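# Residue-level structure breakdown
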Amino acid sequence: MRRHSSQLMKWNGTGSTAHFQEIVLERCYNYTQLVQPALRDRDCQKIREAFRNAFISKDPCSATEEDYHPLMKLVNQTVPCDKTVFWSKTKKLAHQYTKVQREMFTLEDTLLGYIADDLSWCGDAGSHEMNYQSCPHWKKDCSNNFVSVFWGLLSKRFAANACGVVQVVLNGSISNAFDGKSTFGRVEVHNLNPMKVHTLQAWVIHDLGKFPSDSCSGSSINDLSWIMKQRNIKFTCQDNYSSVKFLQCV
Ligand code: 2NF
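Anyway, here's the lowdown on the structure attached to this text. Everything numeric here is computed off the predicted structure, so don't read it as measured data.

## A few points about the site of the ligand
Lining the immediate environment of the ligand, one finds 15 residues, of which Ser88, Lys89, Glu108, Ser148 and Thr183 sit closest. Side-chain polar atom of Ser88 to an oxygen atom of the ligand: 2.7 Å apart, as the coordinates give it. Interatomic distance of 2.9 Å between a side-chain N/O atom of Glu188 and an oxygen atom of the ligand. Protein chains bury 78% of the 750 Å² of accessible surface belonging to the ligand in isolation. Mapped onto the shell around the ligand, the elements with two or more residues apiece are β2 (85–88), α7 (146–161) and α8 (183–191). The residue inventory of the shell around the ligand, partitioned by class, reads six nonpolar, five polar and four charged.

Here is the structure:
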């Protein structure tokens, strides 16, 4: 049954990305065949279908992690030890860093992160279609929307699977380089496994030409250091690490 567009405009967030299904399939093939051929046996049609089944015909404000379990099971990717890079308010820079350091991985360098990056998606309880008009906004409508739950679960698994020395790129040009309310501070930090993760290395990078607002000696990094101490994970911090810093010039 066709629904009135007024009903589809009920949320405050942007609607599903146009051509969502095609983009998911194309990104999946690109990643599994060209970017990481080690995953060439993954079934992209099945991945697309499992992704769609996670949220289609469901109330877009009642997402649970279980909804995504079939998708996670299909993909099942691990990142080698010492290769995990987290980021918070430094997306562009962190991605430039892993592009240069070829074998390093941010979440968006893993298959599911790569597929979903910058996309929006939701359905509706009474329909088999996606809602391209609007989707719940994570702050204005509901936090248990399908996009937030997806990133929360993916971030949790990414952190829980990390091993060896792990890195985080933080932004020294905002007042709290470490923000306990961010996904990094709320989810990733608390899901690192002290039995597997030896050290967390933080790089605090200041934007070129901007006044530094926070640094390794500031109180937010002190909070992060304290959490790591409690969690029995060694912590190091460096301001303007040159291998990351120089990327701002390219
Ligand atoms: O969109 C992504 N690629 C994404 C989204 C959320 C989390 C990636 N992550 C993973 C990455 F792998 C990083 O290691 O978490 C880490 C970054 O998240 P952060 O919250 O620490 O960093 P921000 O720069 O503050 O946020 C990243 C993006 O996520 C959005 C936010 O608006 C920004 O576009 N975001 C944060 N929390 C939520 C939420 N609960 C959110 N979007 C929806 N629901």
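Further notes follow.
## Notes on the packing of α8 against helix α9 (residues 219–230)
Geometry of a packed helix pair, given as the angle between the helix axes and the separation of the axes. Running from N to C, α8 and α9 point in directions that differ by 20°, and their axes come no closer than 11 Å. When the interaxial angle is binned, α8 and α9 end up roughly parallel. By crossing handedness, the relation of α8 to α9 is classed as right-handed. Across the interface between the two elements, Phe184, Val189 and His190 of α8 pack against Leu224, Ile227 and Met228 of α9.

## Some remarks on helix α3 (residues 44–55)
Here α3 spans 18 Å end to end across twelve residues, near enough to the 16 Å set by a 1.5 Å rise per residue. Of all the positions in α3, only Cys44, Ile47, Ala50, Phe51, Ala54 and Phe55 are classed as buried. Projected down its long axis, α3 carries its buried residues within an arc of 120°, all on one side. Where α3 is buried, its residues meet α2 (20–35), α4 (69–75), α6 (111–116) and α7.

## Thoughts on the nonpolar core
Phe51, Tyr68, Trp121 and Phe150 are the most contacted members of the largest nonpolar core, which has 57 residues in total. For this core, the element with the most residues is α7, which contributes eight residues. Membership of the second largest hydrophobic core comes to eleven residues, among which are Val85, Leu93, Ala94 and Leu247.

## Topic: the sheet that holds strand β5 (residues 197–205)
Hydrogen bonds between backbone groups are what pair the strands of a sheet, and the pairing can be parallel or antiparallel. If you trace the four strands from one edge of the open sheet to the other, you get β2-β4-β5-β6, paired in parallel fashion. Looking at strand neighbours, the two that pair on one side only are β2 and β6 (234–239), the edges of this open sheet. For this sheet, the mean angle separating the axes of adjacent strands, direction not counted, is 20°. The strands touched by helix α5 (residues 91–100) are β2, β4 (164–171) and β5; relative to β2, the strand with the most contacts, the crossing angle is about 160°.

## Considerations on the state of the cysteines
Using the criterion set out here, one finds five disulfides in the structure. Two residues, Cys61 and Cys142, share a disulfide whose sulfurs are 2.0 Å apart. Its torsion about the S-S bond being -85°, the disulfide of Cys61 and Cys142 is classed as left-handed. Linking Cys61 in the loop between α3 and α4 with Cys142 in the loop between β3 (134–135) and α7, this pair joins segments that are 81 residues apart in sequence. A single burial state applies to Cys61 and to Cys142, both of which are buried. Residue pairing for Cys216: its cysteine sulfur links by disulfide to Cys237, the two sulfurs lying 2.0 Å apart. Around the S-S axis, the bridge from Cys216 to Cys237 shows a dihedral of about -80° and counts as left-handed. Within this pair, whereas Cys216 is found in the loop between β5 and α9, its partner Cys237 is found in strand β6, the two being separated by 21 residues in sequence.

Basis of the calculations
- Residues numbered from 1 in each chain as written.
- Predicted model: local features only at pLDDT ≥ 70, side-chain atom pairs only at ≥ 80, totals over all residues.
- Heavy atoms only, no water.
- Near = heavy atom within 4 Å.
- Polar contact = N/O pair within 3.5 Å; in protein donor to acceptor, adjacent residues only side chain to side chain.
- Areas by Shrake-Rupley, 256 points an atom, 1.4 Å probe, with all protein chains shown as cover.
- Helix = DSSP H or I, 4+ residues; strand = E, 2+ residues; numbered from the N terminus.
- Nonpolar A, V, L, I, M, F, W, Y, C, P; charged D, E, K, R; others polar.
- Axes fitted to C-alpha atoms, helices over the stretch in contact; angles between N-to-C directions.
- Parallel < 35°, antiparallel > 145°, perpendicular 65-115°, else oblique.
- Left-handed = near helix turned anticlockwise from the far one by under 90°.
- Contact = heavy atoms within 4.5 Å.
- Expected span 1.5 Å × (residues − 1).
- Buried < 20%, exposed > 50% of the residue type's maximum accessible area, 1.4 Å probe, protein only.
- Arc of directions from axis to C-beta.
- Core = buried A, V, L, I, M, F, W, Y, C linked by side-chain atoms within 4.5 Å.
- Pairing = 2+ DSSP bridges.
- Disulfide = S-S within 2.5 Å.

By themselves these figures say nothing about function.
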